[in-house]
Amino acid sequence: ARDTLARRALNPEMSSGVMTDEPYRLGVRLLSIEAGGGNVYCDFSVDGGEVVKSNVAVKGKCLEWECNHSLWVADPTTATLLVKIRAAPQMIPRVSSGPGGVVQPPSKGKVLGTIVICVDEHVWKPGDPFPKARWFEVTGTEIRKAVRMQLVCRKAPPASDVAANELKVLVGTWNVGNAHPAADLTSWLDVGLGPEHSKAVASRWGPDAEWPATEKFDAELDDCVPTKFGTYDMIVVGCQEGDYKARPGFDGIDEDWFSVLADAVGDSYSLQCVNVLGQMRIAAFVRVDAAPAFHFWQKSTEATGIGHIMNNKGGVGIACRAWDTTLCFVNSHLAAHDDMASRRDDDFAEIVAGCKFGEKLECVQAFHHVVWMGDLNYRCEYGLDGSEKKLDRKPTEKRVDDMIAKIGSEDDPNGAAARAEVFETDQLTRSRLNGDAFLGFSEGDPAKSHMPTFKMLREPGFNYKKQRTPAWCDRVLWKTAEGFSARQTTLYAAGKIGSSD
């Protein structure tokens, strides 16, 4: 995922230092800071370049979604990483830009210690043993001060290597239905780790499990070397209606939810960025060997609920760069009900206008790739006889029965053709083709790929409630800038998971 021509423009860090044929980036995974038990944070810089600040580690503890950093490196053979441990106030407010808020560092805290590291010792190439996390100690001080980090320096693949520049991304969206997630999510987030991984996950999160299902991460013991690498470079997961009682052992729903996801995708992925708006969440995991390429993470939200301010509906987004290519992911929950298609179009426009990532352009124009996922709530108008002046919010029992009969079952060999007839009346496709919403976005073929995902009985399989017409409410679309390309390789619905509707 590279834009060679725009490399210098998109990376202001490159204005200083020696420009190599292909750039390097140093990934810093900050695990814990030991400096007398107080609140601390770290400054990172390479050869006097851009200074990257970590968020405050309260009593030395680093939250997983706050601990990943990436710095540009001109020449790793001569480059040095400078780490400064700084003191932070013991009473410091959190800001509500993520789960539980994040603790932002002060403008400049007292330096408690400094570590200088030769970058050349941490250059990694595919095929080499993966670097272990380790302690880096400050010397010359009476009180032991140290930082536990995993350092991985990678060279960008040459622009001529098309396969190496492909970015493989798994995008998942789920309306959780305000219920505890199912024990095993690997049928939904299948990253190629095999059935043994799925069995292990199911046993840890099943009804007989003791909470927390996974042991708390121990920075002293875990070397952060994956047992097996997943298939995808990046995994982005969006959820809606994620309001449920956190299980014992977790500090709220956010920790519960992100722990479930992390266990499903396995230890070859690190949680790089999260964003939350009400009951909507979005999380980006990156495979640890690809993580150095990902940097400049940003967040934005826009509420479109009651009065256009309530956060029961709206969008929550994250953006980043993979080497020089800019990526944006938006998870949204749009207005419900059959007769609200125009309101859904308006919700989309409001999110586009309100989700800003530091760019003057709208988010759908400001990035090389934009991926939009969520419970978009668009319905199908199949079975209308033309006599209705407007679409009724409450469909007739006959119309619902006719649609359920038409789409058939998942095992029906002729099901895709029958579903296609229903999908011809899909409101989102109409809005997209008419330019009312999602103009310029592409989409796969939901009807060919899977059964409708709304409105389900809370049980495994595709069994529908009679109060609503079946519809493909859960969607993933993408938009790619001119000169770039993206293709969908797989589209499926996880019918084995039956905890939501």
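What this report covers is the structure whose coordinates are included nearby. (Residues numbered from 1 in each chain as written. Predicted model: local features only at pLDDT ≥ 70, side-chain atom pairs only at ≥ 80, totals over all residues. Heavy atoms only, no water.)

**Considering the packing of aromatic side chains**
Argument step 1. Taken as a whole and judged by the stated rule, the model has 13 aromatic pairs.
Argument step 2. Taking the centre distance of 6.4 Å and the plane angle of 20° together, the rings of F294 and W297 count as stacked.
Argument step 3. By relative accessible area, which is 3% here, F294 ends up buried.
Argument step 4. Consider the rings of W372 and F438, whose centres lie 5.6 Å apart with planes at 85°: the pair is edge-to-face. Taken together, the positions of W372 in strand 16 (residues 369-375) and F438 in the loop between helix 7 (427-434) and strand 17 (442-443) put the pair 66 residues apart, joining distant regions of the chain. Each member of the pair W372 and F438 is classed as buried. (Phe/Tyr/Trp six-rings, centres within 6.5 Å; stacked < 30°, edge-to-face > 60°. Buried < 20%, exposed > 50% of the residue type's maximum accessible area, 1.4 Å probe, protein only. Helix = DSSP H or I, 4+ residues; strand = E, 2+ residues; numbered from the N terminus.)

**Here's the deal with the sheet that holds strand 11 (residues 269-277)**
Argument step 1. Taken together, the 4 strands give an open sheet; going across it, the order is 9-10-12-11, and neighbouring strands pair in mixed fashion. Two strands lie at the open edges of the sheet, namely strand 9 (169-175) and strand 11, each paired on one side alone. This sheet shows a mean twist of 15° between the axes of neighbouring strands, independent of strand direction.
Argument step 2. Examined bridge by bridge, strand 11 and strand 12 (residues 280-287) share 8 bridges and lie antiparallel to one another. Looking across to strand 12, one finds that S270 is bridged to V286. (Pairing = 2+ DSSP bridges. Axes fitted to C-alpha atoms, helices over the stretch in contact; angles between N-to-C directions.)

**Here we look at helix 7**
Argument step 1. Listed as buried for helix 7 are Q427, L428, T429, S431 and R432.
Argument step 2. Measuring from the side-chain oxygen of the N-cap residue of helix 7 to the backbone nitrogen of L428 gives 3.4 Å; that N-cap residue is D426. (Polar contact = N/O pair within 3.5 Å; in protein donor to acceptor, adjacent residues only side chain to side chain.)

**Concerning the pattern of salt bridges**
When the charged atoms of two side chains lie near each other, side chains of opposite charge can form a pair.
Argument step 1. Scanning the entire structure with this criterion turns up 22 salt bridges.
Argument step 2. Across the pair D254 and R281 runs a salt bridge, and its minimum N-O distance is 2.6 Å. Here the residue D254 occupies a position in helix 3 (residues 253-265), and R281 occupies one in strand 12, the gap between them amounting to 27 residues.
Argument step 3. A residue is classified by how much of its surface remains accessible, and D254, at 17% relative accessible area, is buried. (Salt bridge = Lys/Arg side-chain N within 4 Å of Asp/Glu carboxyl O.)

**Notes on the packing of helix 5 (residues 397-407) against helix 6 (residues 415-423)**
Argument step 1. Between helix 5 and helix 6, the shortest axis-to-axis distance is 8 Å and the interhelical angle comes to 145°. Two secondary-structure elements touch here, helix 5 through M403, K406 and I407 and helix 6 through A418, R419, E421 and V422.
Argument step 2. Looking at side-chain class alone, the contact of helix 5 with helix 6 contains 4 nonpolar, no polar and 3 charged residues. (Contact = heavy atoms within 4.5 Å. Nonpolar A, V, L, I, M, F, W, Y, C, P; charged D, E, K, R; others polar.)

**A word on the nonpolar core**
Argument step 1. Within the largest apolar cluster, 31 residues are counted, with the highest numbers of intra-cluster contacts made by L185, W188, I235, W257 and L261.
Argument step 2. At the level of elements, strand 9, helix 2 (195-205), strand 10 (234-240), helix 3, strand 11 and strand 12 are the ones that each hand at least two residues to this core.
Argument step 3. For this core, the leading source of residues is helix 3, giving 7 residues.
Argument step 4. In contact with I235, not counting residues within four places along its chain, are L170, V191, V265, Y269, A283, A284 and F285. (Core = buried A, V, L, I, M, F, W, Y, C linked by side-chain atoms within 4.5 Å.)

**Some thoughts on helix 4 (residues 341-354)**
Argument step 1. In this model, helix 4 (14 residues) spans 20 Å end to end at C-alpha, consistent with the 20 Å of a helix rising 1.5 Å per residue.
Argument step 2. Of the surrounding secondary structure, the elements contacted by the buried residues of helix 4 are strand 13 (294-303), strand 14 (314-322), strand 15 (325-333), strand 16 and helix 7. (Expected span 1.5 Å × (residues − 1).)

**Considerations on empty space enclosed by the protein**
Argument step 1. Applying the stated criterion across every chain, the model contains 3 cavities of 30 Å³ or more.
Argument step 2. Of the pockets and cavities examined, the largest cavity occupies roughly 130 Å³.
Argument step 3. Lining the largest cavity are 15 residues, with G27, R29, N68, V288 and A291 sitting closest to its centre.
Argument step 4. Secondary structure elements with two or more residues in the lining of the largest cavity: strand 1 (24-34), strand 4 (68-73), strand 8 (146-155) and strand 11.
Argument step 5. For the lining of the largest cavity, the residue count by class is 7 nonpolar, 7 polar and 1 charged.
Argument step 6. Space inside the second largest cavity adds up to approximately 40 Å³.
Argument step 7. Lining the second largest cavity are F296, Q298, C320, R321, T326, E359 and F367. (1 Å grid on protein atoms, 1.4 Å probe; cavity = no way out; pocket = protein on both sides within 12 Å on 5 of 7 lines; lining within 4 Å. Points joined across faces, edges and corners; volume = space filled by probe spheres on them.)

**A few points about the sheet that holds strand 2 (residues 40-46)**
Argument step 1. Pairing is antiparallel across the open sheet formed by 4 strands, whose spatial order is 3-2-5-6. Two strands bound the open sheet, and with one partner strand each, they are strand 3 (52-53) and strand 6 (111-118).
Argument step 2. With 7 bridges connecting them, strand 2 and strand 5 (residues 80-87) associate as antiparallel partners. Directly across from D43, in strand 5, lies its bridge partner K84.

**A look at the pairing of strand 4**
Argument step 1. The buried count for strand 4 comes to 6 of 6 residues, which makes it a mostly enclosed element.
Argument step 2. Covered by surrounding structure in strand 4 are N68, S70 and W72 together with H69, L71 and V73, the residues of both alternating faces.
Argument step 3. Where strand 1 lies against strand 4, 6 bridges are found, and the strand directions are antiparallel. Bridge assignment links G27 to a residue of strand 4, and that residue is S70.

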